[in-house]
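# Analysis of the macromolecular model
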Protein chains: 2
Amino acid sequence: MLFFTQCFGAVLDLIHLRFQHYKAKRVFSAAGQLVCVVNPTHSLKYAPTRCAAAQASTEQGILPPCHHHEAVHDPQLVPCTCPLFSCPWEGHLEVVVSHLRQTHRINILQGAEIVFLATDMHLPAPTDWIIMHSCLGHQFLLVLRKQEKYEGHPQFFATMMLIGTPTQANNFTYRLELNRNQRRLKWEATPRSVLERVDSVISDGDCLVLNTSLAQLFADNGSLAIGIAITTSKVHNSEAEM
Amino acid sequence: MLFFTQCFGAVLDLIHLRFQHYKAKRVFSAAGQLVCVVNPTHSLKYAPTRCAAAQASTEQGILPPCHHHEAVHDPQLVPCTCPLFSCPWEGHLEVVVSHLRQTHRINILQGAEIVFLATDMHLPAPTDWIIMHSCLGHQFLLVLRKQEKYEGHPQFFATMMLIGTPTQANNFTYRLELNRNQRRLKWEATPRSVLERVDSVISDGDCLVLNTSLAQLFADNGSLAIGIAITTSKVHNSEAEM
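Residues numbered from 1 in each chain as written. Chains lettered and ligands numbered in written order. Predicted model: local features only at pLDDT ≥ 70, side-chain atom pairs only at ≥ 80, totals over all residues. Heavy atoms only, no water.

Chain A is annotated in an unreviewed UniProt entry as E3 ubiquitin-protein ligase from Catharus ustulatus. The UniProt entry for chain A carries the following comment under Catalytic activity (unreviewed entry): "S-ubiquitinyl-[E2 ubiquitin-conjugating enzyme]-L-cysteine + [acceptor protein]-L-lysine = [E2 ubiquitin-conjugating enzyme]-L-cysteine + N(6)-ubiquitinyl-[acceptor protein]-L-lysine." UniProt, in its Sequence similarities (unreviewed entry) section for chain A, records the words "Belongs to the SINA (Seven in absentia) family." (UniProt positions renumbered as here; feature names shortened; annotations may be inferred.)

Shown next, in the form of structure tokens:
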């Protein structure tokens, strides 16, 4: 009986996902951009519950266990950059992508310009929407986080990080764009390296920040579409400013 | 003695203003844009003190008194749209500009693209930076406000309003742009009418919102430069919405 209930739940999830994807494609088809529907995942706080739920609904039934290591201060060893689970994994930069894909099942998308469609914006904080983006020979991590920096007042924070070193990150510029209801908000910046941790970027406020009321103005039926573009920076930009 | 102290204060103010203006011109001279240095004015809360201070430092020595009227529900009668003083003035739209200039000494600038340079960003909330902008045959009011929507956490809110009706406002699009330190933030929207009150726009969050940390990233030596551009919207936009 439990098996049938779970199967029915999985079928409903698939129908919901297909509907969201169809809706997003309809909205953005004119632009000819790749649309990625990103479902929310609760943050660290709810890790055990979410982990159990994910285990029940994945095809394999079991998530690969995280590899535990002693903390060492090798600058190339990064703590897991995915805020999806409270994951104690540490590893070299070169294997962060495979860790995120295999352990946390984060999708990876190709293309210079994509649309990130975050669903169910109404869910309570803390919640994350995460995707990896492969572009210009590198992998980037896009994190949209709903968080209560001030108690009782959730905000949305969006940032893009390079799965690479800070020096490599300086060669790129990323753009996040919201466009709806005769309003347009664009944020352009140099991506930060995953070595700098997503939590620090968000606590520093060095990212696109949206109050709930503004997010609602840009949302369509509970989903927020963020256009993403990555370009290479001018070679001497950083030198000129120094 | 008091006279000499006041004269010395006024001379110091002039030197400070000249320095800010020179700095702004240096930064934006390449773009060939008109730079307007806007000094802060505390909001309603500090009205009596500021009023007295302004009276002491102005050339005339006395500010024209506000005209008091009984509140009537004529939709063309607008309460004073300037948050500079707690002003009970009400008047027809046609005389709002002269009221703002004469009573509150708000500057008016010409040109499709200008740079608004708000000084002394560190001042405590509530503080306003206000300018009028004459463009495309209409007058607009730009308000930058530092306000604590959440106690202990001041934020900056920037919006542009048409000194005209909501129907007239629908014919325009305004853009606010911050650009510094390899970061760029752009906000584009249809201006709201002054009939809708600046307080409502800010409490709705339907404007450019900056956390203090983000404002600091864009600020240069305590001043925040905001590029402003106004364009006409597509001719049939407003008709389609009516």
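Now, onward.
Scanning chain A from N- to C-terminus turns up seven helices and 14 strands. The buried share of chain A, taken over its 242 residues, is 48%. The long-range fraction of contacts in chain A, counting pairs at least 24 apart against all pairs at least 6 apart in sequence, stands at 61%. Summed over all atoms, the accessible surface of chain A reaches about 12,400 Å², with 56% contributed by carbon and sulfur. (Helix = DSSP H or I, 4+ residues; strand = E, 2+ residues; numbered from the N terminus. Buried < 20%, exposed > 50% of the residue type's maximum accessible area, 1.4 Å probe, protein only. Contact = heavy atoms within 4.5 Å. Areas by Shrake-Rupley, 256 points an atom, 1.4 Å probe, with all protein chains shown as cover.)

Both copies of the chain are related by one operation, a rotation about an axis with a shift along it. Relative to chain A, chain B is turned by 180° and slid 0.0 Å along the rotation axis, the superposed coordinates differing by an RMSD of 0.0 Å. These values place the two chain copies in the arrangement generated by a two-fold rotation axis. Across chain B, the smallest distance between a C-alpha and the rotation axis is recorded for Lys186 of chain B, namely 2.5 Å. Interface residue correspondence from chain B to chain A reaches 96%, placing this contact among same-surface, isologous pairings. (Least-squares fit on C-alpha atoms with pLDDT ≥ 70 in both.)

All names here are of chain A. Residue Pro126 is reached from Ala125 by a cis peptide bond, and omega for that bond is 0°. Here Pro126 shows up in the loop between β6 (113-118) and β7 (127-135). Even without a glycine there, the phi angle at Arg105 is positive, about 55°. Positionally, Arg105 belongs in the loop between α3 (96-104) and β5 (108-110). One non-glycine residue, Leu136, adopts positive backbone phi at about 55°. By the secondary structure assignment, Leu136 is in the loop between β7 and β8 (138-150). The class for Leu136 is partly exposed, based on a relative accessible area of 43%.

Residue and element names in this part refer to chain A. Along the chain, Ser193 falls in strand β12 (residues 192-193). We classify Ser193 as buried; its relative accessible area is 0%. Within the local environment of Ser193, its side chain forms a polar contact with the backbone nitrogen of Leu195, the two atoms lying 2.9 Å apart. Among all residues touching Ser193, those that are not within four sequence positions of it are Met161, Leu162, Gly164, Thr165, Pro166 and Ala169. (Polar contact = N/O pair within 3.5 Å; in protein donor to acceptor, adjacent residues only side chain to side chain.)

Glancing now at the pairing of strand β8 (residues 138-150) of chain B. Residues and elements named next belong to chain B. The pairing of strand β7 (residues 127-135) with β8 spans nine bridges and is antiparallel. The partner of Ile130 across the bridge, within β8, is Val143. Adjacent in sequence and paired antiparallel, β7 and β8 are bridged by two residues, among which Leu136 carries a positive phi angle near 55°. Judged from the nine bridges that link them, β8 and strand β9 (residues 153-162) form a sheet pairing that is antiparallel. Across the sheet, residue Tyr150 finds its bridge partner in β9, namely His153. Where β8 folds back onto β9 in an antiparallel hairpin, the turn is made up of two residues, including Gly152, whose phi is positive at roughly 85°. (Pairing = 2+ DSSP bridges.)

The next thing to look at is the packing of aromatic side chains. All names here are of chain A. This model, assessed by the stated rule, comprises seven aromatic pairs over all chains. The interplanar angle of 85° and the centroid separation of 5.3 Å between the aromatic rings of Phe140 and Phe172 together place this pair among those described as edge-to-face. With Phe140 in strand β8 and Phe172 in strand β10 (residues 172-180), this pair connects stretches of sequence that are 32 residues apart. Grouping residues by exposure puts Phe140 and Phe172 together as buried. (Phe/Tyr/Trp six-rings, centres within 6.5 Å; stacked < 30°, edge-to-face > 60°.)

Turning our attention to the environment of Ala189 of chain B. For Ala189 of chain B, the location among the structural elements is in strand β11 (residues 183-189). Put simply, Ala189 of chain B and Gly91 of chain B are 98 residues apart on the chain and 27 Å apart in space, counted from C-alpha to C-alpha. Sequence-distant contacts of Ala189 of chain B, that is, excluding residues within four places in its chain, are made with Gln182 and Arg183 of chain A together with Phe172, Thr173 and Tyr174 of chain B.

Quick look at the confidence of the model for chain A now. All names here are of chain A. When pLDDT is averaged along chain A, the result is 74; 62% of the residues meet or exceed 70. Mean pLDDT in chain A bottoms out at helix α2 (residues 47-57), which sits at 35, and peaks at strand β11 (residues 183-189), which reaches 97. For this predicted complex, the interface score ipTM comes out at 0.74, alongside a pTM of 0.75. (pLDDT = per-residue confidence, 0-100.)

What follows covers α3 of chain A. All names here are of chain A. Looking at α3, one finds that the buried residues are Val96, Val97, His99, Leu100, Thr103 and His104. For α3, the arc enclosing every buried residue in end-on projection is 165°, short of the 170-degree limit, so these residues lie on one face. With its phi angle positive at about 55°, Arg105 sits one or two positions after the end of α3. (Arc of directions from axis to C-beta.)

A common way to state how big an interface is: give the accessible area lost once the parts meet. The interface is formed by 27 residues belonging to chain B together with 27 residues belonging to chain A. For the pair chain B and chain A, the summed buried area comes to about 2,400 Å², and 45% of that belongs to carbon and sulfur atoms. Among the residues of chain B in contact with chain A, Tyr150, Gln182 and Asn211 of chain B are the three that bury the most area, contributing 26% of the side total. For the interface between chain B and chain A, the tally reads four salt bridges. Taking the shortest distance from any N to any O, the salt bridge between Arg184 of chain A and Glu188 of chain B comes out at 3.6 Å. Counting across the chain B and chain A interface gives seven residue pairs in polar contact (both at pLDDT 80 or more). Broken down by element, the residue count for the side of chain B that touches chain A peaks at seven residues, all from β11 of chain B. In the side of chain B that touches chain A, the residues fall into ten nonpolar, nine polar and eight charged. Pairing geometry for β11 of chain A and β11 of chain B, over seven bridges, is antiparallel. Within β11 of chain B, the position partnered with Arg183 of chain A by the bridge is Ala189 of chain B. (Buried area = accessible area lost by both parts, 1.4 Å probe. Salt bridge = Lys/Arg side-chain N within 4 Å of Asp/Glu carboxyl O. Nonpolar A, V, L, I, M, F, W, Y, C, P; charged D, E, K, R; others polar.)

Moving on: the nonpolar core. Most often, soluble globular proteins keep nonpolar side chains buried together rather than apart. If you look at the biggest cluster of nonpolar residues, it comprises 68 residues, and the most contacted ones within it are Phe116, Leu144 and Leu185 of chain A together with Phe116, Leu144 and Leu185 of chain B. Discounting chain neighbours no more than four positions away, the residues touching Leu144 of chain B are Phe116, Ala118, Met121, Thr127, Asp128, Trp129, Phe156, Phe157, Ala158, Leu224 and Ile226 of chain B. (Core = buried A, V, L, I, M, F, W, Y, C linked by side-chain atoms within 4.5 Å.)

Taken from the UniProt record, the annotation "domain: Seven-in-absentia protein TRAF-like" (unreviewed entry) applies to residues 134-228 of chain A. Between the C-alpha atoms that bound residues 134-228 of chain A there is a distance of 12 Å. The span itself is 19% helix and 55% strand.

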